[in-house]
Amino acid sequence: MKLINTLKSLHVSAASSKRIIGLQHCFFSTDVAAGDSKSKSYKYPAVYDPYGPRSPPSDKILQLADRIAALPMEELKQIGPTLLDRLKQPKPQPISSAGFNFGPEMGASSAKAEEKKAEKTAFDVKLEKFDAAAKIKVIKEVRTFTSLGLKEAKDLVEKVPVLLKQGVTKEEANDIIGKIKAAGGVAVME
């Protein structure tokens, strides 16, 4: 109906609008007589083809398909690479599964992932929380391992949780965590 109304608004000739209405009834309904525009039952095509109608394959193509279907399995496996070579198409590249974790059944890849985690050499120290009574001690400790002044260190400590130091070795990170703990704070290594 929208198609008919659109055609009427465009002032299409009567002959061409009748042809379009006829086409509409051919595609959408088999039980609606041509010219009967009051019926709302539509019959949609069984299969949607996004590329539109195609011509049927030629006899040559049908014979080729029959010959290919009759080949043994070993020769069927050779068709793809041979066609790629003849048509000068690039060979498909294998898809790498590196970086994907497929669970414990993939022993080699999970072992590599564990090695990468163990190889981490630079750590960050993060202040999680501190006792309110020990705030001044924590600020003093923060000043000892950073190059911050008193005001900057105080502002940093008050923004808990906050990253105190980045890219330090594991030994240095453990040393900083121990000093913060002794001062009354809780720090973690990331």
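Details of the structure are given in the entry above.
Please read all numbers here as calculations on a predicted model, not as lab measurements. (Residues numbered from 1 in each chain as written. Predicted model: local features only at pLDDT ≥ 70, side-chain atom pairs only at ≥ 80, totals over all residues. Heavy atoms only, no water.)

Points about the overall build of the protein
And then number 1: Of the regular secondary structure elements, the protein holds eight helices and three strands.
And then number 2: Element order for the protein, N to C, with α for helix and β for strand: α-α-α-α-α-β-α-α-β-α-β.
And then number 3: For the protein, the proportion of its 190 residues judged to be buried stands at 16%.
And then number 4: Accessible area of the protein: about 15,500 Å², with a carbon and sulfur share of 59%. (Helix = DSSP H or I, 4+ residues; strand = E, 2+ residues; numbered from the N terminus. Buried < 20%, exposed > 50% of the residue type's maximum accessible area, 1.4 Å probe, protein only. Areas by Shrake-Rupley, 256 points an atom, 1.4 Å probe, with all protein chains shown as cover.)

Details of the pairing of strand β1 (residues 123-130)
And then number 1: Two strands pair when backbone bridges link them, and β1 and strand β2 (residues 162-168) are joined in this way by four bridges, in the antiparallel orientation. Each bridged residue has a counterpart across the sheet, and for Val-125 the counterpart in β2 is Lys-165.
And then number 2: Note: β1 against strand β3 (residues 185-189), five bridges, orientation antiparallel. Counterpart to Lys-126 in the pairing with β3 is Val-188. (Pairing = 2+ DSSP bridges.)

Regarding the pattern of salt bridges
Charged atoms that come close allow side chains of opposite charge to pair.
And then number 1: One pass over the structure, following the stated rule, counts five salt bridges.
And then number 2: Note that Glu-158 is salt-bridged to Lys-154, the shortest N-O span being 3.1 Å. Note that Glu-158 and Lys-154 are positioned in helix α7 (residues 150-158) at a spacing of four residues, about one turn of the helix.
And then number 3: Using a relative accessible area of 38% as the deciding quantity, one classes Glu-158 as partly exposed. (Salt bridge = Lys/Arg side-chain N within 4 Å of Asp/Glu carboxyl O.)

What to know about the packing of helix α6 (residues 135-145) against α7
And then number 1: Taken N-terminus to C-terminus, the directions of α6 and α7 make an angle of 115°; their axes are 9 Å apart at the nearest point. The crossing of α6 and α7 is right-handed. Within the contact between the two elements, α6 uses Lys-135, Val-138, Ile-139, Val-142 and Arg-143 and α7 uses Leu-150, Ala-153, Lys-154, Leu-156, Val-157 and Glu-158. (Axes fitted to C-alpha atoms, helices over the stretch in contact; angles between N-to-C directions. Left-handed = near helix turned anticlockwise from the far one by under 90°. Contact = heavy atoms within 4.5 Å.)

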